[in-house]
Structure formats: C-alpha cells, structure tokens
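Geometric and topological summary
Here is what each chain is made of, one letter per residue.
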Amino acid sequence: METWKRDIFFSGITDIYKQCQQYRFKTTDDKDFTLNEVVVLVFLSEYSGQNTIKAISEQLNISKGLVSRSVESLRKRGFLATQTDADDRRKVLLTLLPEAQPYVQYFKQRQERFDRRILQSISEQELEAAIQTFQKMLKNIMEIIEEE
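A short tour of the structure in this document, coming up. Residue numbers restart at each chain and count upward from 1, following the sequence in its written direction. Local features in this predicted model are restricted to residues whose pLDDT is 70 or higher, and side-chain atom pairs enter the listing and the counts only when it is 80 or higher, whereas totals over whole chains, interfaces and linings include all residues. Only hydrogens and water are removed before side-chain values are computed, so all heavy atoms of the structure are retained for them.

Looking at the overall build of the protein chain
- Numbering of helices and strands runs from the N terminus, with a helix taken as a DSSP run of H or I at least four residues long and a strand as a DSSP run of E at least two residues long. When helices and strands are tallied, the protein chain shows six helices and two strands.
- If you list the helices and strands of the protein chain from N to C, you get α-α-α-α-β-β-α-α.
- If one aligns the C-alpha atoms of the protein chain with their principal axes, the spans along those axes are about 55 × 40 × 25 Å.
- Buried, partly exposed and exposed residues are distinguished by accessible area as a fraction of the type maximum, computed with a 1.4 Å probe on protein chains only: under 20%, between the cut-offs, and over 50%, respectively. When the 148 residues of the protein chain are sorted by exposure, 24% land in the buried category.
- Per-residue accessibility takes into account occlusion by the displayed protein chains alone, with areas from the Shrake-Rupley method and a 1.4 Å probe. Just so you have it, the protein chain exposes about 10,800 Å², and 53% of that area is on carbon and sulfur atoms.
- Taking the average location of the 22 positive side-chain charges in the protein chain and that of its 23 negative ones, the two points are 5 Å from each other. In this count, Lys and Arg are taken as positive residues and Asp and Glu as negative ones, while His and the chain termini are left out. Note on charges: their place is set at NZ of Lys, CZ of Arg, CG of Asp or CD of Glu.

This is the structure we're talking about:
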C-alpha cells in the first residue's frame, strides 16, 4: 500500500475517534457536564461490576487523575456514592445514585441515535470486516510492543 494511503487511513481513524468522543458522548447542550463526567456516568451504568477509578481508567484509556476529578465532581453533585471496599481498603467502589439516572438515560439515548446515524449506510458485513481489521491491527501493535 502506498504511504499516502496509509497516512489517510490512520488519519481517518484518529479523526473518527476524536469526533465520536466529542459528539457521541457530549454535545454543546451538556453545559453542566464535562466529557469525562459523561463517560464515567455511562460507563458505570453499563459496567457496574467494574466500579473503580482504576477500572474506568484502564478500560477507557483515561488517566486516573482525570477520572478521579470527574468522580469527585459527580460525587459532590449527588450523582455518585463512594465506598471503601471491605476486602481491600485501598479500593474505592463507585455507585450510581438514582439522581444520575435521568442524565444517564439521556446520554445513552443520544449515543444510540448517533451510533445509528454514523452506521446507517454500513452493512453488517462491512462492519464485521472493519472490526476484524482493527482486531488484527491491535494484535500486531501488541506484538510490536512485546518485542521492544
């Protein structure tokens, strides 16, 4: 493959990621929430078993500091509760409070609309091929990292 085609491909991946992060999770209407706060709320609603700052940080590739600030802000505003893990006092467990549910529902509905729009002209086969391609690329990247 010619270099310029690879450059366009990788640039496209970056652009898609940036636009999805911005518009899939947060819009200009969400003045009361930062992007990371929205991401934390939605993540906890979908993966309640991974309810620690470390898990969120690792799964979403966001620094622990940013996650911690978002959690603290959401806690102060009454959307999250924190509790020390009984088995490991170093762990702080996060729980969504009922006050967060209307916002979480709104964010998830907006994400669903965005996802439908962005995937509207892409067939199931095309989507599966893209997923397989990205999985192969990630595998190759992990092999490169292990070699170094």
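Alright, that's what it looks like, and here's the rest.
A few points about unusual backbone geometry
- For Asn 61, which is not a glycine, the phi torsion comes out positive at approximately 55°.
- Mapping Asn 61 onto the fold places it in the loop between α3 (53–60) and α4 (64–76).

Re the environment of Val 42
- With respect to the helices, strands and loops of the structure, Val 42 is situated in helix α2 (residues 35–46).
- In sequence terms Val 42 and Ala 100 are 58 residues apart; their C-alpha atoms lie 9.9 Å from each other.
- What Val 42 contacts, discounting residues up to four positions off in sequence, is Phe 107, Lys 108 and Gln 111. Any pair of residues with heavy atoms lying within 4.5 Å of one another is described as a contacting pair.

Details of the nonpolar core
- The criterion is simple. A nonpolar core is a set of buried Ala, Val, Leu, Ile, Met, Phe, Trp, Tyr and Cys residues joined through side-chain atoms within 4.5 Å. Ranked by internal contacts, the top residues of the largest apolar core, which has 22 residues, are Val 40, Leu 41 and Leu 80.
- Among the secondary structure elements, those contributing two or more residues to this core are α2, α3, α4, β2 (92–96) and α5 (101–118).
- Of all the elements, α2 adds the most residues to this core, at seven residues.

What about the pattern of salt bridges?
- Definition used for salt bridges: Asp or Glu carboxyl oxygen within 4 Å of a side-chain nitrogen of Lys or Arg. Within this structure, the stated rule accounts for five salt bridges.
- The partner of Glu 72 in a salt bridge is Arg 75, and the shortest N-O contact between them spans 2.5 Å. Linking Glu 72 with Arg 75, this pair stays in helix α4, spanning three residues, or about one helical turn.
- You can call Glu 72 partly exposed: its relative accessible area is 31%.
- A residue is classified by how much of its surface remains accessible, and Arg 75, at 33% relative accessible area, is partly exposed.
- A salt bridge links Lys 139 to Glu 143; its shortest N-O distance comes to 2.8 Å. Highlighted residues: Lys 139 and Glu 143, both in helix α6 (residues 124–147), separated by four residues, approximately one helical turn.
- Using a relative accessible area of 33% as the deciding quantity, one classes Glu 143 as partly exposed.

Re the packing of α2 against α4
- Contact geometry of α2 with α4 gives a least axis separation of 9 Å together with a crossing angle of 80°. On the basis of their axis angle, the class for α2 and α4 is roughly perpendicular. Residue-level inspection shows Asn 36, Glu 37, Val 40 and Leu 41 of α2 in contact with α4, the latter providing Leu 66, Val 67, Ser 70, Val 71, Ser 73 and Leu 74.
- Under the scheme applied, nonpolar residues are Ala, Val, Leu, Ile, Met, Phe, Trp, Tyr, Cys and Pro; charged residues are Asp, Glu, Lys and Arg; polar residues are all the others, including Gly. Here the contact of α2 with α4 is composed, by residue class, of six nonpolar, three polar and one charged. To obtain an axis, a line is fitted to C-alpha atoms, over the contacting stretch when the element is a helix, and the angle between two such axes runs from 0 to 180 degrees between their N-to-C directions. These descriptions rest on fixed angle ranges, namely under 35 degrees for roughly parallel, over 145 for roughly antiparallel, 65 to 115 for roughly perpendicular, and the rest for oblique.

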